[in-house]
Number of protein chains: 2
Amino acid sequence: MQKLDCDVLIIGGGPAGGVCAVTAKMNYPSKEILVVREFEVQLVPCAIPYIFGETLGCSDKDVASCGAAVDMGISTLLGEVRDIDFSGKIAFTTKEAIHFDKLVFATGSKPFVHDSLRHSLGLEGVFTVAKNKDLIDKSKAYIEDKNEVVVVGTGFIGIEMAMELATSGKNVTVVGGSKHILKGAFDSEIAMQAEAILMRAGVKFIGDDRVTAIIDENNDNIVNGVELKSGKVLDAEVVILATGYKPNTELAQKVGISLGHYGGIWVDEYMRTANHDIFAVGDCSARRAFITKVPSKVMLASTSSAEGRVAGSSLYGLQYIKGFSGTIAIFSTMIGESAFSSAGVTEEEALEAGTDIVVGTFSGVNRHPATIPGAQKQYVKLIATKHGGQIIGGQIIGGTETGEMINIIGFVIESGLNVYKLMSMQVATQPMLTAAPTSYPITMAAVNIIAKMEKR
Amino acid sequence: MQKLDCDVLIIGGGPAGGVCAVTAKMNYPSKEILVVREFEVQLVPCAIPYIFGETLGCSDKDVASCGAAVDMGISTLLGEVRDIDFSGKIAFTTKEAIHFDKLVFATGSKPFVHDSLRHSLGLEGVFTVAKNKDLIDKSKAYIEDKNEVVVVGTGFIGIEMAMELATSGKNVTVVGGSKHILKGAFDSEIAMQAEAILMRAGVKFIGDDRVTAIIDENNDNIVNGVELKSGKVLDAEVVILATGYKPNTELAQKVGISLGHYGGIWVDEYMRTANHDIFAVGDCSARRAFITKVPSKVMLASTSSAEGRVAGSSLYGLQYIKGFSGTIAIFSTMIGESAFSSAGVTEEEALEAGTDIVVGTFSGVNRHPATIPGAQKQYVKLIATKHGGQIIGGQIIGGTETGEMINIIGFVIESGLNVYKLMSMQVATQPMLTAAPTSYPITMAAVNIIAKMEKR
């Protein structure tokens, strides 16, 4: 067994591990940083759906580069850590014994499949959306000449997969266990607009039913269809299980690291476990929501990156006294020609939690005047606390600019700002790039909230 | 003379006056609001250049709607206020005597032309870019069948005019008094990238010279060319003077309102003159810069709108204790396929003012992975104070999303946040809409500043 030595050992080479490594090297240039990663080629996780349609078309176009890390002098090792001796500070792969000073779990997540469907994973034609190039290539090749596809799950990955497959000519049905798609990120009235686009693209959506069984009628180990709770049966040559992800904590559990809610590794605001030499970042950590502080299942590479930066700056004592006080859950996606974005809590979530809120909306256009070629409708919804008018959530539908507009709302939420701050915020507006200065939609939605709060 | 009566009289129906009227009606629904405006049809000022090319093609597509104001019960009157009796609180047009309780100047700005060129304004073929539909229609009709155009001025309006005219087939030369275009908004290295796009579009740019005379060689009252300081002469069938705007304060001066710097009406943070019944908003007010607090010549409809909101909420006592503490000067423009945006102070401005700064930059791509169709380069430059790392300026080059990204930086400047806040800010990232989560360019530029500040 080969003996290796490093200062900081990071297990996992995804977004969280990568950003943590780069940040650590920047903060502690004299320290030896070693990243142990499972795959030679790391996919960009959020773009996996685009491999299946014409947007990317193949997994070779979805490869994450780690050139910058290598240039900085960060070492990487292909392998899998299988055991850890905490007292001796040694991690073991099958071939190496790696001595470390600080250890970071960045082991990511694995597809979650409900118990009732798990035994069907062996059938030909049944796939999860794994962050693994070989598996993705296999499923892509299999789907290539098939036509009838059932996507199980109505989260971002499921919907993006469905749209890509539909626009490349497949007959796609999405089955979700919730009435509307993208539940949690969007309120019903906004999700319904996304559903209308799905339908126009030829995707069928069954929201009020769920898949209870995957069918292999001929007993030939090849999928034929799915059975729904209602008893209805759908034909399927391919079934894609996009039913979420779960923290990959096999190793952590084996070596006795304490887990938090939803199976993630428990960490504090600086991403430290109870042992301050051991950190966890990214999807393998237990998260909570920024506003409500309740356990959160949200898994996003952007959150993982922010966590990686906090951990990478806190390995040898606290440097930036801020920490990571929960995920704001900022999402974006593109459905057809429209972008849908969300940050913070939705109206439905807030009401369910009994929060006193005021909601403001504004419908406008993303260019000014509206006659500018390519102008698209823009809709902004803001959710504020009734007492104080603090912004706690926002949702936007619009053109591609929506992806950055939601980051303004994210920033407002993260900074704890209220509608009065937003009311006279200074923005740049330009005919070819934004809405009109006189009716900038974020400002107008805030003004709408003020009007309701003060009931004039 | 007809006698009219109102509570709030707003002189001017541009962005500042319009937003002020709507805000006032929202805040004081029982008050009678009257807007006196000069033109039946109000152009959207920032889109005027697009009338001259194929983007809009005619002024009828660039009309601002005041439907919302009318629906709210705001009255408007076509006319021009020519005198004011402050003791009796009466404003006089040629036909009406309007009694008011509160008065808001929103008289906007007029094209500024240097003394040495002013006498040439009478020549056929010499135009300013006035916010006046009739004048714009006249110049557009005149230019239609001409070919040789000289644009004097290298600000946003001049450059946008030049690009629109060039892409519609004219032979365009831009002459500026400064070495680089868009001075004040962009540092030289960024302006040079914009200049390269101009040149590729066929626009000639003469930066190190300036127009000293407009030539009418045949004494037929038709322009033939321009003479430069160097002695060089350029042929010109059309000369467009895009040499900035000056506050329209004729009325204010006549009635003895105190002016501030650069000829604007002096106002405090709530847009009040020394007389708290008299306000001024928009381009006719004297502005100062948000960060440096020095007098500012920046005129933007977005700033005017923010001022209109502050005044409209402060007419009868202060409601929202925030005020307007200076213009952040947030600009955007589109040059060819690239958007250029700026907020706050530039590096050159900061150094000239002797500010201790640290500059951070990042070059990336606006989609992830970079293989996503339509991906464009994205460049972010941030300027922070050396002591504390507070963000005081930013510049971005990228795709259309740049127009909203700069608003994130604007918000950071307005909120007084520093690079440490930005380092772990939570953002939404999505392959089709944004840069990668692991290298979100605003974060990366902030990280670059931290690295320099802490010189590790």
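Cut-off values and rules
Residues numbered from 1 in each chain as written. Chains lettered and ligands numbered in written order. Predicted model: local features only at pLDDT ≥ 70, side-chain atom pairs only at ≥ 80, totals over all residues. Helix = DSSP H or I, 4+ residues; strand = E, 2+ residues; numbered from the N terminus. Rg over C-alpha atoms; globule rule 2.2 N^0.38 Å. Contact = placed C-beta atoms within 7 Å. Buried ≥ 20, exposed ≤ 12 C-beta atoms within 10 Å, placed from the backbone. Pairing = 2+ DSSP bridges. Right-handed = clockwise from strand over helix to strand, strands pointing away. Core = buried A, V, L, I, M, F, W, Y, C linked by C-beta atoms within 7 Å. Least-squares fit on C-alpha atoms with pLDDT ≥ 70 in both. Domains from an automatic or database assignment. Nonpolar A, V, L, I, M, F, W, Y, C, P; charged D, E, K, R; others polar. Axes fitted to C-alpha atoms, helices over the stretch in contact; angles between N-to-C directions. Parallel < 35°, antiparallel > 145°, perpendicular 65-115°, else oblique. Left-handed = near helix turned anticlockwise from the far one by under 90°. Expected span 1.5 Å × (residues − 1).

Caption draft 1: The arrangement of the overall build of chain A in detail. Counting its regular elements, chain A contains 12 helices and 26 strands. Computed over its C-alpha atoms, the radius of gyration of chain A comes to 23 Å, within 12% of the 23 Å expected for a compact globule of 456 residues. The principal-axis extent of the C-alpha atoms belonging to chain A is close to 75 × 60 × 40 Å. Long-range contacts, defined as pairs at least 24 residues apart, comprise 65% of the intrachain contacts of chain A with a sequence gap of at least 6.

Caption draft 2: Representation of the pairing of strand β11 (residues 148-152) of chain A in the model. Residues and elements named next belong to chain A. The buried fraction of β11 is high, at 4 of 5 residues. For β11 and strand β12 (residues 171-175), the ladder comprises 5 bridges, and the chain directions are parallel. Each residue of the ladder has a partner; that of Val152, found in β12, is Val175. A crossover links β11 with its parallel partner β12, the connecting element being helix α5 (residues 156-167), and its sense is right-handed. When β11 meets strand β17 (residues 238-241), the two strands line up parallel, connected through 4 bridges. Note that in β17 the partner of Val150 across the bridge is Val239.

Caption draft 3: Spatial organisation of the interface of chain A and chain B. Counting residues at the interface gives 67 residues for chain A and 67 residues for chain B. Of all elements in the fold, only α1 (15-27), α8 (301-312), β22 (331-335), β23 (338-344), α10 (402-414) and α11 (419-423) of chain A reach the threshold of two or more residues within the side of chain A that touches chain B. If one sorts the elements of the side of chain A that touches chain B by residue count, α10(A) sits on top with 9 residues.

Caption draft 4: Spatial organisation of the nonpolar core. With 213 residues, the main nonpolar core has Ala162(A), Val239(A), Ile240(A), Ala162(B), Val239(B) and Ile240(B) as its most contacted residues. The residues touching Ala162(A), leaving out its near neighbours within four places in the chain, are Val151(A), Val172(A), Val174(A), Leu198(A) and Val203(A). Membership of the second largest hydrophobic core comes to 44 residues, among which are Ala21(B), Ala69(B), Phe105(B) and Cys284(B).

Caption draft 5: Broad picture of the relation of the copies chain A and chain B. For the match of chain A to chain B, the screw axis carries a shift of 0.0 Å, the RMSD comes to 0.0 Å, and the turn is 180°. Taken together, the rotation and translation describe the operation of a two-fold axis. For chain A, the minimum C-alpha distance to the rotation axis belongs to Glu401(A) and amounts to 2.3 Å. Both copies present the same face, since 100% of the interface residues in chain A are matched by interface residues at the equivalent positions in chain B.

Caption draft 6: Spatial organisation of the domain arrangement of chain A. Residue and element names in this part refer to chain A. Assigned domains of chain A: these are domain 1 (2-38 + 79-109 + 246-312), domain 2 (115-243) and domain 3 (340-453). Placing a centre on the C-alpha atoms of domain 2 and another on those of domain 3 gives a separation of 32 Å. Within the side of domain 2 that touches domain 3, the residues separate by chemical class into 4 nonpolar, 2 polar and 1 charged.

Caption draft 7: Local environment of the packing of helix α1 (residues 15-27) of chain B against helix α8 (residues 301-312) of chain B. All names here are of chain B. Put simply, α1 and α8 touch, their axes get as near as 7 Å, and they point 30° apart. Looking at the two axes, α1 sits roughly parallel to α8. Considering how the two elements wind past one another, α1 and α8 form a crossing that is right-handed. The residues of α8 that touch α1, namely those facing Pro15, Ala16, Val19, Cys20, Thr23, Ala24 and Asn27, are Ala301, Ser304, Ser305, Glu307, Gly308, Arg309, Ala311 and Gly312. Of the residues contributing to the contact of α1 with α8, the split by class is 7 nonpolar, 6 polar and 2 charged.

Caption draft 8: Structural view of the sheet that holds strand β2 (residues 8-11) of chain B. Residues and elements named next belong to chain B. If you trace the 5 strands from one edge of the open sheet to the other, you get β4-β3-β2-β8-β19, paired in parallel fashion. The open sheet has two edge strands, β4 (75-78) and β19 (278-280), and neither has a second partner. On average, each strand axis in the sheet is inclined to that of its neighbour by 20°, with strand direction left out of account. Sheet topology note: the β2/strand β8 (residues 102-105) ladder contains 4 bridges and is parallel. Counted as the bridge partner of Ile11 is Phe105 from β8. Taken strand by strand, α1 contacts β2, β3 (33-37) and β8, and its axis lies near 170° from that of β3.

Caption draft 9: Here's a closer look at helix α5 (residues 156-167) of chain B. All names here are of chain B. Helix length check: α5 (12 residues) gives 16 Å between terminal C-alpha atoms against 16 Å at 1.5 Å per residue, within 8%. Of all 12 residues making up α5, 11 are buried, and the element is well covered by its neighbours. If you check which residues of α5 are buried, you get Phe156, Ile157, Gly158, Ile159, Glu160, Met161, Ala162, Met163, Glu164, Leu165 and Ala166. Taken together, the buried residues of α5 touch β11 (148-152), β12 (171-175), α6 (188-200), β17 (238-241) and β22 (331-335).

Caption draft 10: Spotlight on α5(A). As for α5(A), its buried residues are in contact with β11, β12, α6 (188-200), β17 and β22 of chain A. Following α5(A) by one or two positions, Gly169(A) adopts a phi angle in the positive range, close to 100°.

Caption draft 11: Structural context of the sheet that holds β12(A). Residue and element names in this part refer to chain A. Reading across from one edge, β10-β17-β11-β12-β13 is the order of the 5 strands in this open sheet, with parallel pairing throughout. Of all the strands in the sheet, just β10 (126-128) and β13 (204-206) have a single pairing partner and so form its edges. The mean angle between the axes of side-by-side strands here comes to 20°, regardless of whether they run parallel or antiparallel.

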